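What follows is the residue order along each chain.
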Amino acid sequence: AHAARDEAPVPASAVVGLGPEELARTVLRPHASARWAWFADCPAYTIWQRNRESRSAEPPSEWRGEGALIVRPLEKVEHLGLDAAGCAFLDACGAGRDLAAAAQAALARDARCNLTLLMKRMLEAGAFGMAGRN
C-alpha cells in the first residue's frame, strides 16, 4: 500500500447524494493502494494490530476468522478490520461489479451485514479510488 501509485480517494460526498437506483448502478473501484484479505482460520487483523501497536502479547480472547484492509488514500497508510462480508464486498468491487452486486455478495456472506455502516467505514478509510483524478 505504501509504494502504490498516488490516487485521490472517492469522497463520501460523491456517493451520499445518489438516489437508490443510481447508487445501485455505481461502480466503485478499490483504491490503487488498497490491499485486503480474509483469513478464515485466525484473527489475523487483531494479531497484526496488537504487534504493530505494541499492545499486550496475549492471544485474542476469541479465535475466529478476520479480514483486513490496508490502504494509503493520501499520505498515510490506514488499516481497517473487516469481516467476511466486507471482504466479499471489496472482492466484488475489485472485479468491476456495481454496488448492487457488491451488496449482494456481502449479504451472501453474512445476511446481517450492515451495508450502510460498511460503506461509511470504507469511504472514511479511502478504500475507493478516482482513476485519473489526482
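These numbers come from a predicted model, not from an experiment.

Undergrad: Give me the overall build of the protein chain: which residues, what numbers.
TA: Each helix and strand in the protein chain was counted, giving six helices and three strands. What you see in the protein chain, going N to C, is helices and strands ordered as α-α-β-α-β-β-α-α-α. For 134 residues, the compact-globule estimate of 2.2 N^0.38 gives 14 Å, and the protein chain sits close to it at 15 Å. Viewed in the frame of its principal axes, the protein chain has a C-alpha envelope of about 45 × 35 × 20 Å. For the protein chain, the residues scored as buried account for 42% of the 134 residues in total. Contacts in the protein chain between residues at least 24 apart in sequence constitute 67% of all its contacts with a sequence separation of at least 6.

Undergrad: Let's hear about the nonpolar core: which residues, and what values?
TA: Counting residues in hydrophobic clusters, the biggest one holds 28 residues, and the most contacted among them are Leu-69, Phe-89, Met-119, Met-122 and Phe-128. Those elements that place two or more of their residues in this core are β2 (66-71), β3 (78-82), α4 (84-94), α5 (99-109) and α6 (115-125). Among the elements that take part in this core, α4 stands out by supplying seven residues, more than any other.

Undergrad: Could you give an account of the layout of surface pockets, naming the residues involved and the relevant values?
TA: Size it by volume and the largest pocket reaches roughly 270 Å³. The set of elements that each furnish at least two residues to the lining of the largest pocket consists of α1 (13-16), α2 (20-25), α5 and α6. Looking at the lining of the largest pocket, its residues break down into 12 nonpolar, one polar and one charged.

Undergrad: Before we move on, could you go through the packing of aromatic side chains and cite the residues and values that matter?
TA: With the rule as written, the count across this model stands at one aromatic pair. With a centroid separation of 5.9 Å and 35° between ring planes, the pair formed by Tyr-45 and Trp-48 is classed as tilted. You can see Tyr-45 and its partner Trp-48 sitting in helix α3 (residues 44-52), three residues apart, about one turn around the helix. Assessed through its relative accessible area of 11%, Tyr-45 is described here as buried.

Undergrad: So what's going on with the sheet that holds strand β1 (residues 35-39)? Residues and values would help.
TA: Each strand in a sheet pairs with its neighbour through backbone hydrogen bonds, running either in the same direction (parallel) or in the opposite one (antiparallel). Reading across the sheet, the three strands line up as β1-β2-β3 and stay open at both edges, with antiparallel pairing between neighbours. The strands lining the two open edges of the sheet, one partner per strand, are β1 and β3. If you compare each strand with its neighbour and ignore which way they point, the axes differ by 15° on average. Where β1 meets β2, five bridges bridge the pair, whose relative direction is antiparallel. Opposite Ala-37, over in β2, you have Ala-68 as the bridge partner.

Analysis parameters
- Residues numbered from 1 in each chain as written.
- Predicted model: local features only at pLDDT ≥ 70, side-chain atom pairs only at ≥ 80, totals over all residues.
- Heavy atoms only, no water.
- Helix = DSSP H or I, 4+ residues; strand = E, 2+ residues; numbered from the N terminus.
- Rg over C-alpha atoms; globule rule 2.2 N^0.38 Å.
- Buried < 20%, exposed > 50% of the residue type's maximum accessible area, 1.4 Å probe, protein only.
- Contact = heavy atoms within 4.5 Å.
- Core = buried A, V, L, I, M, F, W, Y, C linked by side-chain atoms within 4.5 Å.
- 1 Å grid on protein atoms, 1.4 Å probe; cavity = no way out; pocket = protein on both sides within 12 Å on 5 of 7 lines; lining within 4 Å.
- Points joined across faces, edges and corners; volume = space filled by probe spheres on them.
- Nonpolar A, V, L, I, M, F, W, Y, C, P; charged D, E, K, R; others polar.
- Phe/Tyr/Trp six-rings, centres within 6.5 Å; stacked < 30°, edge-to-face > 60°.
- Pairing = 2+ DSSP bridges.
- Axes fitted to C-alpha atoms, helices over the stretch in contact; angles between N-to-C directions.

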